[in-house]
Amino acid sequence: MQILKVTDMTKDFGGLRAVDNLSLSIEKGQILGLIGPNGAGKSTAFNCIAGVFAPTTGTIAFAGEKINGKKPWDLCKSGLARTFQIVKPFATKSVLYNVTVGSFISTNNRNLAEEKALKVLEELSFADKKDVRAGNLTIADRKRLEIARALATGPQLLLLDEVMAGLRPSEVDEMVAIIKHLRDTGVTIFVIEHIMRAIMALSDRIVVIQFGKKIAEGTPDQIASDENVIKAYLGEDYAVS
Amino acid sequence: MLYIVEDSINGILMGSIYGLTALGLTIIFGVLKVINFAHGSLLMVGMYAAYWAVTLTGVNPYLSLVIVVPVMFFFGYYLQDIVIKPIFKAEKNVREPITVIIVTTGIWYILDNLTLLIFGPQYRNLPDNPLRGKMLELGDMFISVPKLFGFITAVVTVAGIYWFFQKTRTGRAIRATSLDREAASLMGINQYKIYNVAFGIGTATAGIAAVTLVPFNNVFPTVGVLFDIKGFIIVVLGGLGSIPGALIGGIIVGLIESVGPEFMTATWTEAIVYGLFLVVLFVKPSGLFGMKYDW
Amino acid sequence: MNRSQINTAAFAGLLLVAFGVPLVVRSATYLHILVLLYFYAYLTTSWNLVGGFAGVLPLGHAAFVGIGAYTSTILSLQYGISPWLGMLVGGVLATIVGVVIGLPTLKMRGAYFALATIAFAEGLRVIVENIDYLGPFNLNGPRGLQIPPMDNGFANFMFAGKEPYYYIILILLIGVLALTWLISRSKLGYYLNAGGEEPEAAMALGVNVARAKLVAMAMSSFLTALAGTFYAQFTLYIHPKSIISLDLSFEIAFIALIGGRGSIAGPVLGALLLRPVSDFSRIYFGDTLPGMHLIIFGAVLILVMLFQPRGLQEPLTRAYHGLLDRWAKESPDAAANGHSGSQGGAAHADS
């Protein structure tokens, strides 16, 4: 079933059209990647889906329900979680505290919430750092924390915003493994990424946008050889055909 | 009917002086993005400076500007440099520097009570100054002369400050810093020096306002408190960071205060001013001319 | 003994001392000073729910003190209603007002919220100071309201000696501290912390930040108003300049800030440190150096903000934990017990 369905979504900022009639959908249990050159409108589309702002026109449907303009916290309660490109840990608190904030979504009891949080940390092989002050973590660990927090809210759909940015190649591989594992536990994942090897390795399907419009869609192999995609990234001279 | 016109005129005159007192507040906010809670106390310091300058030298109050303005400028400059800058540096990445607000509140308390300690609680004024009690007769209306002088000073100062920010190099540097401090510093502008200068200018304008007030307003340690609160109201009304806004906001308050008592008690007039303030905060926090912020 | 055992013992000891004081200290003057000390500690701890946990800067809390005091006093004087009932009514009224003010302002930037609270408190004071009657209620303007002596006893909230007042405010203080501790460990506490540190991240994790802050505001207003009634019954005279004053609002905020807002012990520590300073400087310098204690407050505030922005509770708590560790180590079964108790540094102040 289609857990996320975006239909003809447009977002205007005054005179600037950042997203232009974008349509995409994700099947439950899939990993969908969104790529495009800088300024293509990926973040805007992402933020519309995540409830940061409402689209100008078009519909966004999550698990069959229209979610245009719903507030981020309501979206989270419905099962849609997101991470931030520039990580925002609660720096003065411990890793466990950070994740517990997320797990409180389904309970009022602190002990239960902490238990759930610990389970999430264990799943991400992060439990050994549970008492570390979030502000003292390395960037790779902060990204992991970001995911752990979002995961603690028990999402059906997880939106990952350039989660690989700033990571070393070995760390990227680790992150890919984590995300794949998450998918295996039943979470549907929507990734925006610039690091090609990550998105090619992760995605079941990829959508490519440029100037706010979708220019290609397909499996990683199809995308890698798509003429429009190559033109968009490398310019006219490199088009094969 | 005549009274209303007379009240209105006096209200506009007094209002412009209010605007002048609030001018420094809006400049400091515009540049440092900080609401200087000590602004009223700085005004008070200026009033004492003017008072003593006149009492010791016997000159016309407006001549004391020569002393008061530079003194106030450097007072503000170093206050920012020594006390507030360290907090700024510590809070560089925090979204809103609340600690700075707290520190300026501390400065308010210290200044007011230090003044109380040194000069005592008595009300002072300048009974012999050439402007005191003078009235200008306009037909059947009486216009307060010291307030008229104040009005002229206010308009000239506001125009001058506006010109300074638009046309001079330092002024443009200050505007650049206020718009985007990182970009400005990449252009070679020393951000902290700019803050010092802006704070100095803000304090200096408070000094000018103090000089216009001294001929007719009593001078005492807590005189700044009322102007402080009115200053906030004016600056929110007119729009934080807007220079013409401060003047207009001041005139609005001045008008309410002088015309209001024709229709209701003075208390309710005051309550209306506070009420208007709250309404503006709720409805259009950026005020009449202020910059849009993400709330 | 292990660490947490020592900690509990220390607290028990402290409670014992606090409850035992009136048995030893007989001087009415000193009891009076202690009552006021606890009163301020209560006020700052209640303030802390908004000013510390919710992360905003309310500078008009005296308004709620005034609402509490005036409500219970008017109900008692004009309608013969027991001050205890009046206390609750005052609390509810203050909560309503707090929520109404908080709804639009808590979403704003910190400075605007601070200004709004000042404007509201001053506006209230101006109104109360200048009107005699609000509908059927007699406010008596600037002269204030005096509570005539009634039969002593619990029902009238009136007692001859200071001791009963001492115990009442002590219990209130313990209550509000316990409440604060519970909140810090609860969902609301976590949400407030998160919303204060990174509101966008918190919202993406399901936290309705504005609503959490509003809840904190409601609680804080309610609790603060209760203290207003206490004050009225203790001093038997309230008037706008003293009870809805900007000075009181600022003093509450300053003490909490110096002690350490956001922590549980901070506000109380602040009161413990600063109130004696205030009292002594008023007694010894009152005539020769008026306003000295306010200068000291201001200076201490600035110094603390410069060097210990999380308040004096931070070095003090660290020293305390250090002591706990040392004592626990010296005890025979230290090796067997290892570490227990609070997590290192990061999350909460347990004491």
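Attention in this report is confined to the structure presented alongside it. Residue positions within a chain follow its written sequence, with the count starting from 1. Written order decides the labels, with chains lettered from A and ligands numbered from 1. In keeping with the predicted nature of the model, local features appear solely for residues at pLDDT of at least 70, side-chain atom pairs appear and are counted solely at 80 or more, and the whole-chain, interface and lining totals rest on all residues.

**Some remarks on the overall build of chain C**
Here is step 1: Assigned secondary structure in chain C consists of 15 helices and four strands.
Here is step 2: We take the radius of gyration over the C-alpha atoms and set the globule estimate at 2.2 Å times the residue count to the 0.38 power. Here the C-alpha radius of gyration of chain C, 21 Å, is about what a compact globule of 351 residues would show, namely 20 Å.
Here is step 3: Three exposure classes are used, based on other C-beta atoms lying within 10 Å of a residue's own C-beta, which is placed from the backbone: buried for 20 or more, exposed for 12 or fewer, and partly exposed in between. Counting over 351 residues, chain C shows a buried share of 51%.
Here is step 4: At a minimum sequence separation of 6, the contacts of chain C that also span at least 24 residues come to 75%. The numbering of helices and of strands both runs from the N terminus, where a helix is a DSSP run of H or I of at least 4 residues and a strand a run of E of at least 2. This entry defines residue contacts through backbone-placed C-beta atoms, with two residues in contact when those atoms are within 7 Å.

**What to know about the environment of Leu85 of chain C**
All names here are of chain C.
Here is step 1: Among the structural elements, Leu85 can be located in helix α4 (residues 83–105).
Here is step 2: Accessibility expressed as a C-beta count within 10 Å gives 13 for Leu85, which makes it partly exposed.
Here is step 3: The sequence separation of Leu85 and Thr45 amounts to 40 residues, and the corresponding C-alpha distance is 23 Å.

**Concerning α4 of chain C**
Here is step 1: Take the number of residues in a helix, subtract one, and multiply by 1.5 Å to get its expected span. Over its 23 residues, α4 of chain C extends 32 Å from the first C-alpha to the last, a length consistent with the 33 Å expected when each residue adds 1.5 Å.
Here is step 2: Within the span of α4 of chain C, buried status applies to Pro83, Gly86, Met87, Gly90, Gly91, Ala94, Thr95, Gly98, Ile101, Gly102 and Thr105 of chain C.
Here is step 3: Where α4 of chain C is buried, its residues contact α11 (266–283) of chain B together with α3 (62–79), α5 (110–130) and α9 (209–235) of chain C.

**Points about the sheet that holds strand β3 (residues 31–35) of chain A**
Residues and elements named next belong to chain A.
Here is step 1: At least two DSSP bridges between two strands are needed for those strands to be called paired. In spatial order, the strands read β6-β7-β8-β3-β9-β10; together these six strands make up an open sheet with mixed pairing. Across the chains shown, the open sheet's two edge strands, defined by having one partner strand only, are β6 (80–82) and β10 (213–218). Across the sheet, the mean angle from the axis of one strand to that of its neighbour is 20°, orientation sign disregarded.
Here is step 2: Where strand β7 (residues 157–161) meets strand β8 (residues 188–192), five bridges bridge the pair, whose relative direction is parallel. Residue pairing in the sheet places Asp161 in a bridge with Ile192 of β8.
Here is step 3: To get an axis, a line is fitted to the C-alpha atoms, and for a helix only the part in contact is used. The angle between two axes follows their N-to-C directions and goes from 0 to 180 degrees. The strands touched by helix α9 (residues 227–234) are β9 (205–210) and β10; relative to β10, the strand with the most contacts, the crossing angle is about 130°.

**What about the arrangement of the chains?**
Here is step 1: The highest contact count of any of the two pairs of chains in contact belongs to chains B and C.
Here is step 2: Where chain A comes nearest to chain B, the C-alpha atoms are still 12 Å apart, and the two do not contact one another.

**So, unusual backbone geometry**
Here is step 1: Positioned with a positive phi, Ser125 of chain A is a non-glycine residue whose angle comes to about 55°.
Here is step 2: Relative to the helices and strands, Ser125 of chain A is located in the loop between α4 (110–123) and α5 (139–152).
Here is step 3: Of note, the phi angle at Lys33 of chain B is positive, near 60°, even though the residue is not glycine.
Here is step 4: Here Lys33 of chain B lies in the loop between α1 (2–32) and α2 (39–57).

**As for the sheet that holds strand β5 (residues 65–66) of chain A**
Residues and elements named next belong to chain A.
Here is step 1: Within the open sheet, the four strands sit side by side as β2-β1-β4-β5. Their pairing is antiparallel. Edge positions in the open sheet fall to β2 (16–27) and β5, since each of these has one partner strand only.
Here is step 2: In this structure, strand β1 (residues 2–13) lies alongside strand β4 (residues 57–62), joined through five bridges in antiparallel fashion. Each bridged residue has a counterpart across the sheet, and for Thr10 the counterpart in β4 is Thr57.

**Re the packing of helix α12 (residues 265–285) of chain C against helix α13 (residues 292–307) of chain C**
Residues and elements named next belong to chain C.
Here is step 1: It is the contact of α12 with α13, at a shortest axis distance of 8 Å, that shows an interaxial angle of 150°. Judged by the inter-axis angle, α12 sits roughly antiparallel to α13. The residues of α13 that touch α12, namely those facing Leu274, Val277, Ser278, Ser281, Arg282 and Phe285, are Met292, His293, Ile296 and Phe297.
Here is step 2: Following the grouping adopted for this structure description, the nonpolar residues are Ala, Val, Leu, Ile, Met, Phe, Trp, Tyr, Cys and Pro, the charged ones are Asp, Glu, Lys and Arg, and the polar ones are all others, Gly among them. Class assignment of the residues belonging to the contact of α12 with α13 gives a composition of six nonpolar, three polar and one charged. For this classification, under 35 degrees means roughly parallel, over 145 means roughly antiparallel, 65 to 115 means roughly perpendicular, and everything else is oblique.

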